[in-house]
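Chain by chain, the residues:
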Amino acid sequence: MSDLPGLPDDGSVPDPAEPLRPEERATGIGSLPGVDHHEAARVVVGELPSFPHVAELPDRGVGADMVGRAAALLIDLAVEVRPSGYRVAQRPGGQHRRGVDLLGRDVDALDTTIGETGAAPRRVKTQVAGPWTLCAGVELRSGNRVLTDRGAVAEFTESLAEGLRGHVAELARRTGAGVVVQIDEPTLPAVLAGSLPTPSGYGTVRAVPGAEARSGLAVLVEAARDAGAVGVVAHCCHPTPPLALLGATGVDGMAVDLLALDRAPAVLDALGELWDGPTELWLGLVPTLAEGPAPELAALARPALDLADRLGFDRARLADRTVVTPACGLAGATPAWTRTALARTVELAAAFADPPSSW
């Protein structure tokens with residue numbers, strides 16, 4: 001019998017055509033604490049052998065945060081760091097190359113650790129900041145956000161899409177697994193609302209129309225699929241994420257922080273419409289920070305059970321139409337809680353497949 005939960009009992013590689021097993025319906029959001037990419041990969045593969053992800057370690061600084069990491073994927077565009085943040089550069093410099101190097105190390109670490117442990121995941125996940133979060137987080141040479149220039153936005157979006165194609169293809173080749181792409185858009189609600197400040201602080205950047213935002217995101221979704229991604233998931237942990245807009249881009253899954261999600265009827269209705277269609281829900285159920293003793297599974301499961309009940313769905317949908325994750329990234333967690341949180345996602349996914357009678 002295999003010692004790894006990601007392998008069948010006979011140790012053979014799982015058939016990609018088989019339905020996902022419970023342990024394959026649990027993964028992390030992306031970020032972890034610390035600066036050691038080898039240790040991060042060991043934690044991810046150790047706790048999530050059936051659906052590991054490329055770890056993000058923002059504590060490493062420039063190039064390792066969400067915006068710097070996405071900038072490292074840009075083709076024929078480069079960034080540098082100024083006191084105000086990331087800014088478009090004329091040519092790749094040391095800071096840009098550092099981001100590229102950090103991403104490469106993280107892919108290497110995941111690939112190496114999968115090989116060393118004998119894990120055989122059918123799917124692995126990578127994360128990338130979406131075009132709107134990227135364009136809101138990088139400045140033009142004028143000091144204004146890239147977001148303020150439609151031509152620059154289009155250029156950045158296409159460049160990011162091209163870089164993502166190469167990243168997905170490399171990750172699939174290196175790991176031998178199907179690649180799921182998670183598109184992170186934490187800044188999208190502010191982009192749509194027109195609430196991002198200008199450099200002076202006295203004004204705000206224009207609101208981006210919904211149709212324009214959807215079109216830009218669709219470019220990245222299509223690029224991931226063109227590169228062979230087996231799934232694309234949109235992630236926004238805002239209490240009122242633009243669910244209908246994100247769903248309209250054609251993503252396969254929607255990742256939300258269920259612990260922080262606004263329970264307003266409009267938000268729940270939008271979530272229900274997605275779940276009633278072809279879109280899976282990725283439910284952030286495990287707290288990102290330890291607060292006292294580790295919660296019991298029943299307490300962690302309650303928000304998901306209540307969601308299914310309130311939306312009028314059979315709870316069995318939690319077993320075959322969801323993926324369990326931490327509420328958001330774990331960069332602020334302790335190493336001990338990081339392991340606990342990731343392990344709890346697997347335990348929850350298993351419990352949804354075979355719920356205790358007390359639930």
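(A) Structural view of the overall build of the chain. Assigned secondary structure in the chain consists of 12 helices and 9 strands. A compact globule built from 359 residues would reach a C-alpha radius of gyration of about 21 Å, and the chain, at 20 Å, matches this within 12%. Within the chain, buried positions represent 52% of all 359 residues. In the chain, the share of contacts with a sequence separation of at least 24, taken over all contacts with a separation of at least 6, comes to 74%. With an accessible surface of roughly 14,500 Å², the chain has 53% of that area assigned to carbon and sulfur atoms. Considering the chain, the positive charge centre built from 31 side chains and the negative charge centre built from 46 side chains are found 5 Å apart.

(B) Geometry of helix 3 (residues 94-117). Compared with an ideal rise of 1.5 Å per residue, which puts 24 residues at 34 Å, helix 3 spans 34 Å between its outermost C-alpha atoms and is within 8% of the ideal. Within helix 3, the full set of buried residues consists of His96, Gly99, Leu102, Leu103, Asp106, Val107, Ala109, Leu110, Thr113 and Ile114. The secondary structure elements touched by the buried residues of helix 3 are helix 1 (37-47), helix 2 (66-71), strand 1 (78-82), strand 3 (123-129) and helix 5 (150-175).

(C) The packing of helix 10 (residues 297-311) against helix 12 (residues 335-353), seen in detail. At a minimum axis distance of 10 Å, the contact between helix 10 and helix 12 shows a crossing angle of 65 degrees. In this structure, helix 10 crosses over helix 12, and the sense of that crossing is right-handed. Residues Leu297, Leu300, Ala301, Ala304 and Leu305 of helix 10 touch helix 12, and the partners they reach there are Arg344, Glu347, Leu348 and Phe352. Class assignment of the residues belonging to the contact of helix 10 with helix 12 gives a composition of 7 nonpolar, no polar and 2 charged.

(D) Structural context of unusual backbone geometry. The phi angle at aspartate 76 is positive, at roughly 65 degrees, despite the residue not being glycine. Of note, aspartate 76 is situated in the loop between helix 2 and strand 1. Residue classification places aspartate 76 among the exposed residues on the basis of a relative accessible area of 78%.

(E) Local environment of the pattern of salt bridges. Using the criterion set out here, one finds 22 salt bridges in the structure. Of the charged contacts in the structure, one is a salt bridge between arginine 344 and glutamate 347, with a shortest N-O distance of 2.8 Å. With arginine 344 and glutamate 347 both in helix 12, this residue pair falls 3 residues apart, about one helical turn. Using a relative accessible area of 17% as the deciding quantity, one classes arginine 344 as buried. Look at glutamate 347 and you get partly exposed, because its relative accessible area is 33%.

(F) Main features of helix 9 (residues 265-276). The terminal C-alpha atoms of helix 9 lie 16 Å apart, and with 12 residues this matches the ideal 16 Å at 1.5 Å per residue to within 8%. Here helix 9 has its buried residues at Val267, Leu268, Ala270, Leu271, Gly272, Leu274 and Trp275. At its buried positions, helix 9 is contacted by helix 8 (243-247), strand 7 (253-257), strand 8 (280-286), helix 10, helix 11 (317-320) and strand 9 (322-326).

(G) Geometry of the packing of aromatic side chains. Counted according to the given criterion, the structure contains 3 aromatic pairs. Measuring from ring centre to ring centre gives 5.9 Å for phenylalanine 51 and tryptophan 282, while their planes differ by 75 degrees; the resulting arrangement is edge-to-face. Taken as a pair, phenylalanine 51 in the loop between helix 1 and helix 2 and tryptophan 282 in strand 8 lie far apart in primary sequence, 231 residues in all. Residue phenylalanine 51 shares its accessibility class with tryptophan 282, and that shared class is buried. Measuring from ring centre to ring centre gives 6.2 Å for phenylalanine 352 and tryptophan 359, while their planes differ by 65 degrees; the resulting arrangement is edge-to-face. Between the NZ or CZ atom of arginine 123 and the centre of the ring of phenylalanine 51, over which it lies, the distance is 4.1 Å.

Calculation rules
Residues numbered from 1 in each chain as written. Predicted model: local features only at pLDDT ≥ 70, side-chain atom pairs only at ≥ 80, totals over all residues. Heavy atoms only, no water. Helix = DSSP H or I, 4+ residues; strand = E, 2+ residues; numbered from the N terminus. Rg over C-alpha atoms; globule rule 2.2 N^0.38 Å. Buried < 20%, exposed > 50% of the residue type's maximum accessible area, 1.4 Å probe, protein only. Contact = heavy atoms within 4.5 Å. Areas by Shrake-Rupley, 256 points an atom, 1.4 Å probe, with all protein chains shown as cover. Lys, Arg positive; Asp, Glu negative; His and termini not counted. Charge placed at Lys NZ, Arg CZ, Asp CG, Glu CD. Expected span 1.5 Å × (residues − 1). Axes fitted to C-alpha atoms, helices over the stretch in contact; angles between N-to-C directions. Left-handed = near helix turned anticlockwise from the far one by under 90°. Nonpolar A, V, L, I, M, F, W, Y, C, P; charged D, E, K, R; others polar. Salt bridge = Lys/Arg side-chain N within 4 Å of Asp/Glu carboxyl O. Phe/Tyr/Trp six-rings, centres within 6.5 Å; stacked < 30°, edge-to-face > 60°. Lys NZ or Arg CZ within 6 Å of the ring centre and 35° of its normal.

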